[in-house]
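# Coordinate inspection notes
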Amino acid sequence: MATVKEYSVEEKLSSLVNLQKIDSKLDQIAVLKGELPMEVADLEDEIQGLHARQMRIEEEINGITEFIDQKKEAIKEAQSLLKKYEKDSENVKNNREFEAINKEIEMQQLEVKLCEKHIKDATDEIGEKAEALEKAKKAIAAKEGVLNTKKEELEKIISSTEKEEKQISKIASEARENVDERLLTSYEKIRKNYRNGLAVVPVERDACGGCFYSIPPQKQSEIKQHKKVMVCENCGRILVDSDLHESVKLK
Ligand SMILES: [Zn+2]
């Protein structure tokens, strides 16, 4: 059976400070990338949305075009009927027949007018849709331009930091294994709460190195004794004395 070594509080704190220093290096790389990864993702979402919009408008235009074709077909039919009725009207035998044919002629003339009105309205609608389509296409082109620039920027940063980041990540996971489990849990929790990712901070100029809340002398001497893990009562960060903090050097 492997013997489990009991670490002193000082050793536990040193391991934790070591991890914090490594994690902070990773944080610095993340800061370098800044908002770029998020901006790229947002732009990609927007462009996807615009493409969907473009497709929807194109489908609508196709639908309206089909409608216009149907109406044109209907006009042709009505006109050929009109021709037929006009021919028939030359050979009417009585008033009743004449009136019946005239009624048919009127109806077909009305049908033609109605179809023409529908075609005009639909053509206006296509004009509006075409404008919206043009807008969507322009927006896509503009966003794609911005996206490409941002992607290039991000790729430059990534390629210049990738190797270093991988190396540090490996060192970080090794350092993580050396940290007391319970301490690690609170460390990760505190880290998440602060944008600068600092969970273990030194006491500097009688104040918490994280939030600058002043630490009374009594507490400072307790921190220096390394008998237990002390936290800042204002921000909750784990506090270590500056000597211990400085003694931990990254390889
Ligand atoms: Zn604090």
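The text that follows walks through the structure, step by step, so that each part is easy to find. Quantities reported herein were computed from a predicted structural model and do not represent experimental measurements. (Residues numbered from 1 in each chain as written. Predicted model: local features only at pLDDT ≥ 70, side-chain atom pairs only at ≥ 80, totals over all residues. Heavy atoms only, no water.)

## Side note on the pattern of salt bridges
Threshold: We define a salt bridge as a side-chain nitrogen of Lys or Arg found within 4 Å of a carboxyl oxygen belonging to Asp or Glu. Only DSSP runs of H or I reaching four residues or more are called helices, and only runs of E reaching two or more are called strands; each is numbered from the N terminus. The buried label applies to any residue whose accessible area, calculated with a 1.4 Å probe on protein chains only, is under 20% of its type's maximum; exposed applies above 50%, and partly exposed to all values in between.
Counted according to the given criterion, the structure contains 14 salt bridges. One salt bridge in this structure joins E60 and K129, with 3.0 Å as the shortest N-O distance. Separated by 69 residues along the polypeptide, E60 in helix α2 (residues 36-90) and K129 in helix α3 (residues 95-177) bring together distant segments of the chain. E60 sits in the partly exposed class, given a relative accessible area of 33%. Classification of K129 by relative accessible area gives partly exposed; the value is 22%. Shared partners join several salt bridges into a network, and the residues in it are D23, D27, R176, E188 and R191.

## Quick word on helix α1 (residues 9-33)
How we decide: Expected span of a helix, by definition, is 1.5 Å for each gap between consecutive residues, and there is one gap fewer than residues.
For α1, which comprises 25 residues, the first-to-last C-alpha distance of 36 Å matches the rise-based estimate of 36 Å (1.5 Å per residue) to within 8%. Note on α1: the residue one or two positions beyond its end, G34, has a positive phi of about 55 degrees.

## Brief notes about a negative patch on the surface
Stated formally: Residues enter patches when they are more than 30% accessible in relative terms and free of salt bridges; like-charged ones are connected within 9 Å and nonpolar ones (Val, Leu, Ile, Met, Phe, Trp, Tyr) within 5 Å. The protein chains shown are the only cover counted for residues, whose accessible areas, like all others here, come from Shrake-Rupley with a 1.4 Å probe. When charges are counted, Lys and Arg contribute as positive and Asp and Glu as negative, whereas His and the chain ends are disregarded. Here the site of a charge means atom NZ of a Lys, CZ of an Arg, CG of an Asp or CD of a Glu.
Judged by side-chain charge, E66, D69, E73, E77 and E111 come together as a negatively charged surface patch. The element that contributes the greatest number of residues to the negative patch is α2, accounting for 4 residues. Position of D69 relative to the elements: it lies in helix α2. Assessed through its relative accessible area of 44%, D69 is described here as partly exposed.

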